[in-house]
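In case you want the letters, here they are:
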Amino acid sequence: SQTIHQWPATLVQPVGSPLSLECTVEGTSNPNLYWYRQAAGRGLQLLFYSIGIDQISSEVPQNLSASRPQDRQFILSSKKLLLSDSGFYLCASESIGYTFGSGTRLTVV
Amino acid sequence: GQQVMQIPQYQHVQEGEDFTTYCNSSTTLSNIQWYKQRPGGHPVFLIQLVKSGEVKKQKRLTFQFGEAKKNSSLHITATQTTDVGTYFCAVPSGGSNYKLTFGKGTLLTVNP
């Protein structure tokens, strides 16, 4: 079965600082990978998805970008964080259903 | 993109009572998935329904897919405090089978 490693678990960053969240996948090869954001503990918003190395699709215009330098590595980045970037960021891999990582709670102050 | 309506947003029950959450789509779905997210945790996949009229059970949880494949329900019999969390349905979106759109979820709280 798949395992998603996501870190850090929590992060407090000042406005205007850069961001890099990393997600790695074990137990599968060539997975479809996803970044979701969850605000206020409720709905899940798809930010990016990737069906292969260097293949990234963005779902919503925003202050974030994603990269997939290796098959099982998916990175979420920002050059300059905004207050509105605060939220719970979840990486997911697709098998039968999605397997989610444990998430990163980002607070921009 | 694909939209799915999930109701209710919140449900508070006494332990032992039953609970049901519903998802409705305006279009026919190829499949629907259900997830549970415990407070402070991440969503965990519960089940996928594919066939029209399908009913699947997992212990006290019963999942149904409507005959027209436009709606689905999750029913919990005799809730326990361990059932607390938010239950999400998710459907394929954007004409893709690998992108999911999640419902807004139903937050279940159980009074012991």
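Structure first, text after, so check above.
To start, this report covers the structure provided alongside it. (Residues numbered from 1 in each chain as written. Chains lettered and ligands numbered in written order. Predicted model: local features only at pLDDT ≥ 70, side-chain atom pairs only at ≥ 80, totals over all residues. Heavy atoms only, no water.)

### As for the pattern of salt bridges
What counts is decided by this rule: By definition here, a salt bridge exists when the distance from a side-chain nitrogen of Lys or Arg to a carboxyl oxygen of Asp or Glu is within 4 Å. Each helix corresponds to a stretch of at least 4 residues labelled H or I by DSSP, and each strand to a stretch of at least 2 residues labelled E; elements are numbered beginning at the N terminus. When accessible area is computed with a 1.4 Å probe and restricted to protein chains, residues below 20% of their type maximum are described as buried, those above 50% as exposed, and intermediate ones as partly exposed.
This model, assessed by the stated rule, comprises five salt bridges over all chains. Across the pair Lys99 of chain B and Glu59 of chain A runs a salt bridge, and its minimum N-O distance is 3.2 Å. Linking Lys99 of chain B in the loop between β9 (85-92) and β10 (100-102) with Glu59 of chain A in the loop between β6 (55-58) and β7 (65-70), this pair reaches from one chain into another. For Glu59 of chain A, a relative accessible area of 32% corresponds to the partly exposed category. With a shortest N-O distance of 3.6 Å, Glu54 of chain B and Lys56 of chain B are connected by a salt bridge.

### Some details on the interface of chain B and chain A
Stated precisely, the cut-off is as follows: The contact definition used throughout considers only heavy atoms, calling two residues in contact when any of these lie within 4.5 Å. The term buried area refers to how much accessible surface (probe radius 1.4 Å) is lost by two components on association, counted for both of them together. We define a polar contact as two N or O atoms separated by no more than 3.5 Å, with the added condition that, inside protein, one atom must be a possible hydrogen donor and the other a possible acceptor, whereas residues neighbouring each other in sequence contribute only through side-chain atom pairs. Ten residues, namely Ala, Val, Leu, Ile, Met, Phe, Trp, Tyr, Cys and Pro, are considered nonpolar, four, namely Asp, Glu, Lys and Arg, are considered charged, and the remaining ones, Gly among them, are considered polar.
Opposite the 21 residues of chain B that make contact, chain A presents 21 residues. Buried area between chain B and chain A, summed over both chains or domains, comes out near 1600 Å², and the portion from carbon and sulfur atoms is 53%. When the area that chain B buries against chain A is broken down by residue, the three leading residues are Tyr98, Lys99 and Phe102 of chain B, summing to 35%. Along the contact surface separating chain B from chain A lie one salt bridge. Applying the counting rule to chain B against chain A returns six residue pairs in polar contact (both at pLDDT 80 or more). Going through the elements one at a time, β4 (32-37), β5 (43-49), β9, β10 and β11 (106-111) of chain B are the ones with two or more residues in the side of chain B that touches chain A. For the side of chain B that touches chain A, the element with the highest residue contribution is β4 of chain B, accounting for three residues. Of the residues assigned to the side of chain B that touches chain A, the class counts are nine nonpolar, ten polar and two charged.

### Here we look at the sheet that holds β7 of chain A
Residues and elements named next belong to chain A. Put simply, the rule is: At least two DSSP bridges between two strands are needed for those strands to be called paired. Between the N-to-C directions of two axes lies an angle of 0 to 180 degrees, each axis being a line fitted to C-alpha atoms and, for a helix, fitted only over the stretch in contact.
Strand order in the open sheet formed by four strands is β1-β3-β8-β7, and the pairing between neighbours is antiparallel. Of all strands in the sheet, those bounded by a partner on one side alone are β1 (3-7) and β7. With strand direction ignored, the average angle separating the axes of adjacent strands in the sheet is 20 degrees. When β1 meets strand β3 (residues 19-26), the two strands line up antiparallel, connected through five bridges. The residue of β3 that forms the bridge with Trp7 is Glu22.

### As for the state of the cysteines
Chemically, a disulfide is nothing more than a covalent bond linking the sulfur atoms of two cysteines. Residues and elements named next belong to chain B. For the record, the criterion: Throughout, a disulfide means two cysteine sulfur atoms within 2.5 Å of one another.
Throughout the structure, instances matching the rule amount to two disulfides over all chains. Here Cys23 pairs with Cys89 through a disulfide, and the sulfurs are 1.8 Å apart. On the sign convention where negative means left-handed, the S-S torsion of about -90 degrees between Cys23 and Cys89 marks this disulfide as left-handed. In this pair, Cys23 is assigned in strand β3 (residues 19-24) and Cys89 in strand β9, connecting sequence segments 66 residues apart. A single burial state applies to Cys23 and to Cys89, both of which are buried.

### Some points on the packing of aromatic side chains
Condition: Think of it this way: a Phe, Tyr or Trp ring, Trp meaning its six-membered ring, pairs with another when their centres are within 6.5 Å, and the plane angle makes it stacked under 30 degrees, edge-to-face over 60, tilted otherwise. Two limits define a charge over a ring: the Lys NZ or Arg CZ must be within 6 Å of the ring centre, and within 35 degrees of the ring normal.
Scanning the entire structure with this criterion turns up 14 aromatic pairs over all chains. With 6.4 Å between their ring centres and 25 degrees between their planes, Tyr34 of chain A and Tyr49 of chain A make a pair best called stacked. Of this pair, Tyr34 of chain A sits in strand β4 (residues 33-38) while Tyr49 of chain A sits in strand β5 (residues 44-52), and the two are 15 residues apart along the sequence. Take Tyr34 of chain A: its relative accessible area is 1%, and that puts it in the buried class. Considering the side-chain rings of Phe19 of chain B and Tyr87 of chain B, the 5.8 Å spacing of their centres and the 45 degrees angle between planes classify their relative orientation as tilted. One end of the pair, Phe19 of chain B, is in strand β3; the other, Tyr87 of chain B, is in strand β9, and 68 residues separate them in sequence. An aromatic cluster is built from Tyr34, Tyr36, Tyr49, Tyr98 and Phe100 of chain A together with Tyr35, Phe45, Phe88 and Phe102 of chain B, whose rings are joined through pairwise contacts. Just above the ring of Phe88 of chain A sits the side chain of Arg105 of chain A; from NZ or CZ to the centre is 3.9 Å.

The values are spatial; any link to function lies outside them.
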